[in-house]
2 protein chains.
Amino acid sequence: MSVIHQSLSTSISSSTSAFLGHRYLKSIKSSDVSIPGRINGVVKCVATPSTEKTVYKTTVSRNENMGKLQAGYLFPEIARRRAAHMLKYPDAQRSYALSTVEGYTGYGAEQGEKQLRASIAKTYYENLGIEEDDIFVSDGAKSDISRLQVLFGSKVTMAVQDPSYPAYVDSSVILGQTGQFQKDVEKYGNIEYMKCTPENGFFPDLSAVRRTDIIFFCSPNNPTGYAASREQLTRLVEFAKENGSIIVYDSAYAMYVSDDNPRSIFEIPGAKEVSMEVSSFSKYAGFTGVRLGWTAIPKELLYSDGFPVAKDFNRIVCTCFNGASNIAQAGGLACVSPEGIKAMHEVVGFYKENTDIIVETFNSLGFKVYGGKNAPYVWIHFPGQSSWEVFSEILEKTHVVTTPGSGFGPGGEGFIRVSAFGHRENVLEACRRFKQLYK
Amino acid sequence: MSVIHQSLSTSISSSTSAFLGHRYLKSIKSSDVSIPGRINGVVKCVATPSTEKTVYKTTVSRNENMGKLQAGYLFPEIARRRAAHMLKYPDAQRSYALSTVEGYTGYGAEQGEKQLRASIAKTYYENLGIEEDDIFVSDGAKSDISRLQVLFGSKVTMAVQDPSYPAYVDSSVILGQTGQFQKDVEKYGNIEYMKCTPENGFFPDLSAVRRTDIIFFCSPNNPTGYAASREQLTRLVEFAKENGSIIVYDSAYAMYVSDDNPRSIFEIPGAKEVSMEVSSFSKYAGFTGVRLGWTAIPKELLYSDGFPVAKDFNRIVCTCFNGASNIAQAGGLACVSPEGIKAMHEVVGFYKENTDIIVETFNSLGFKVYGGKNAPYVWIHFPGQSSWEVFSEILEKTHVVTTPGSGFGPGGEGFIRVSAFGHRENVLEACRRFKQLYK
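Calculation criteria
- Residues numbered from 1 in each chain as written.
- Chains lettered and ligands numbered in written order.
- Predicted model: local features only at pLDDT ≥ 70, side-chain atom pairs only at ≥ 80, totals over all residues.
- Heavy atoms only, no water.
- UniProt positions renumbered as here; feature names shortened; annotations may be inferred.
- Pairing = 2+ DSSP bridges.
- Helix = DSSP H or I, 4+ residues; strand = E, 2+ residues; numbered from the N terminus.
- Axes fitted to C-alpha atoms, helices over the stretch in contact; angles between N-to-C directions.
- Contact = heavy atoms within 4.5 Å.
- Polar contact = N/O pair within 3.5 Å; in protein donor to acceptor, adjacent residues only side chain to side chain.
- Expected span 1.5 Å × (residues − 1).
- Buried < 20%, exposed > 50% of the residue type's maximum accessible area, 1.4 Å probe, protein only.
- Arc of directions from axis to C-beta.

- The name that an unreviewed UniProt entry assigns to chain A is Aminotransferase class I/classII large domain-containing protein, with the source organism given as Fraxinus pennsylvanica.
- Quoted verbatim from the Cofactor (unreviewed entry) heading of the UniProt record, the comment on chain A is "pyridoxal 5'-phosphate".
- Of the comments in the UniProt record for chain A, the one headed Sequence similarities (unreviewed entry) reads "Belongs to the class-I pyridoxal-phosphate-dependent aminotransferase family. LL-diaminopimelate aminotransferase subfamily."

As for the sheet that holds strand β10 (residues 293–296) of chain B
All names here are of chain B.
Here is step 1 of the chain: Strand order in the open sheet formed by seven strands is β2-β10-β9-β8-β7-β3-β6, with mixed pairing between adjacent strands. Of all the strands in the sheet, the pair left with one neighbour each is β2 (135–138) and β6 (191–195). Going across the sheet, the axis of each strand differs from the next one's by a mean of 20°, ignoring polarity.
Here is step 2 of the chain: Looking at chain direction, strand β3 (residues 158–162) and β6 are connected through five bridges and run parallel. Within the sheet, the bridge partner assigned to D162 lies in β6 and is K195.
Here is step 3 of the chain: The strands touched by helix α6 (residues 114–125) within the sheet are β2, β9 (275–280) and β10, with β2 carrying the most contacts at an inclination of about 110°.

Description of the side chain of D144(A)
Residue and element names in this part refer to chain A.
Here is step 1 of the chain: Position of D144 relative to the elements: it lies in helix α7 (residues 141–152).
Here is step 2 of the chain: Engagement of the side chain of D144 in a polar contact is seen with the side chain of T295, the distance being 2.5 Å.
Here is step 3 of the chain: Once residues within four sequence positions are removed from consideration, D144 is found in contact with F136, S138, W294, T295 and F313.

Some details on helix α14 (residues 387–398) of chain A
Here is step 1 of the chain: Helix length check: α14(A) (12 residues) gives 16 Å between terminal C-alpha atoms against 16 Å at 1.5 Å per residue, within 8%.
Here is step 2 of the chain: Every buried residue of α14(A) is listed here: S387(A), V390(A), F391(A), I394(A), L395(A) and T398(A). One face of α14(A) carries all of its buried residues, which in axial projection span an arc of 130°. In α14(A), those exposed residues whose orientation departs by more than 90 degrees from the buried face are E389(A) and K397(A).
Here is step 3 of the chain: Those residues of α14(A) hidden inside the fold are in contact with β13 (400–401), β14 (403–404), β15 (415–419) and α15 (424–438) of chain A together with α5 (74–88) of chain B.
Here is step 4 of the chain: Once α14(A) finishes, H399(A) follows within two positions and takes phi at roughly 60°, a positive value.

So, in structure tokens, the structure goes:
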């Protein structure tokens, strides 16, 4: 099989020759999803997102290095010429087509398989104006966050929630967007830390936030477990619009929202002009090690010069990535089937029950407990104490590993994050030990 | 199962709490490879490659942004503290351990599963001094090339073979290492193009090559199909040493070498002090769409300040990547089993037969034909003609897609690359059409 795989897999790759024939042409004309690799490979790497209806431009400058690149990446250009040739010869003589053996395709579209992109758009963004070709399938949100940093380059300024998932800040440092680490305040220079604490209901006081090019915003939030309300996200979008900023919205926990708070930033009117969204199957379907996520970039999102952000990201994906594993993508397609969606909701429901057990435990012990309602994380306050000291005491006395809040930024100091991801009996055992320790 | 997967998958991830108990301790003490995620996740992200025996330093400056990063990425640090705790309490009270359910692990080690790393080291680098922890498993060479560019940063200088696989140059441009594209010479400013033509036997005249920090070198080469000799690679390593440069050696086609030319740069004495090697399962096992490769970085490879390159790359992998899909890694482990190695050699042998057919065809037509012997690519000269024009004529008249040599750099102008990756009947049909066209 490897031979067949190999031959197919390289039909528009960096390593092949290919035949064209009417069987292939048929598949081109059809929406046959068994050959997404070629179809998307042809179309997307050279696609220019339409900007006809767009008026708003962010004030974020396009990464000048992206402007240096000549045309598209080589192989998508060859695929484009092949597609044009096939349109020119709809009745090309009969010939074998490497491309039409059923089933397996090798090098797929860097942006993801057509049917999966379409299914993600329909499942998570129906009626929100996000289309199949706005979806870039990834090997997980963590990888895409760094690809986005490569996209933005070293000259942009960055804001993050404080506390927040550390990959935002660390990747910003690696790309050279920051100054040195300032030990006195536990912050990197040139990053705007938007403090999210009980005092402000875990939503930043935007009147005190400096304008930055990029705003990373995760809701429901890791680690605080807080999901921003529609009104708060409307203010965030307005804030981005006033400043010409781009919001990178991390919705990896959106399926944990159980009230009517938004699951996507695109539920907010006007958000498509200032936002992109990063998400993942990891926390919905146990796909952590399988590696599958996506980033949605609307055609309306433009740099200050009017250039579509999605077009440059497409070039990044074509040059620096080669698509998520086709096996993982097949699994993702199952996740967004009716049965898969039902199964994901069952998984989410189970962890939400775990969350309730953890919340009740710490409430009963008299702690100030936050999060949990719309997220699998419980954020527990230990006023005046060091997060690492609390982490160590819990580890020492209960043999339970938690996560020290200060690891997510200086705003997390004095907090501990407890995760609901675990077997029920283990969560119950942990809670018994917490009650022994803090009774 | 998702629940179990989920709970396991996050046992040292960004999203969990975990229990410690004797079952987990047992697995820690054992070399049970069914839980590589935790073992490697704990060990590798905080590992400091030993530099005791090292004297040679390159003159390449460490990316200053990497130096700004504080400690390791958060979750590996927590895993390290958990491991220390377990060593401290070998007889910790019995408790359930999230970490010890058989089989599946979720978030694996970012560097790859322990057994796969060990098997790659043994299969491809036995007796070459490359060890398990020098191997970083990736989702393919293309992705790792860009991660390496992020590692090096924007201030390094770059040399590439001309012609060469376009991902080297394009990723260099994206990272800001180059000047603008110079249309007159078809080159980007500040990149050293090492011309590889029939005149110099497809090996650059190093006496005419400007010193750069990084030298990308692919052998057997894509697109020319030429495999450098031991003597030539010895000169390349000496050249790198004289200049304090780092060679990024792309060995993605090494299994296609059928004579005694080196399969790895590490076969050259002293290469470990100036080289790393990027490779892939794509061209050996039809893994193109599965996405699996690796990068080997010796502990001996140091920046000018003596800092190990591997340690910074480890931080990149931990921060910007989350490991190759565990499913793909399981497949990779099968590839490097005795049966898998035999199967890969059969795949390679099949394509080498295709290559012979293509070589004989163009020889019979009187073309100057290069490559093919140690690679699945045939490099055909059309003196005085434009590669894209030849590409178009072949496409127009035979409906066969080739690859224009100029797409690989100005040194490829006037050449066409024909790939042997295809079904036998299609290769034979293509050759029949070539004979009609050029008879």
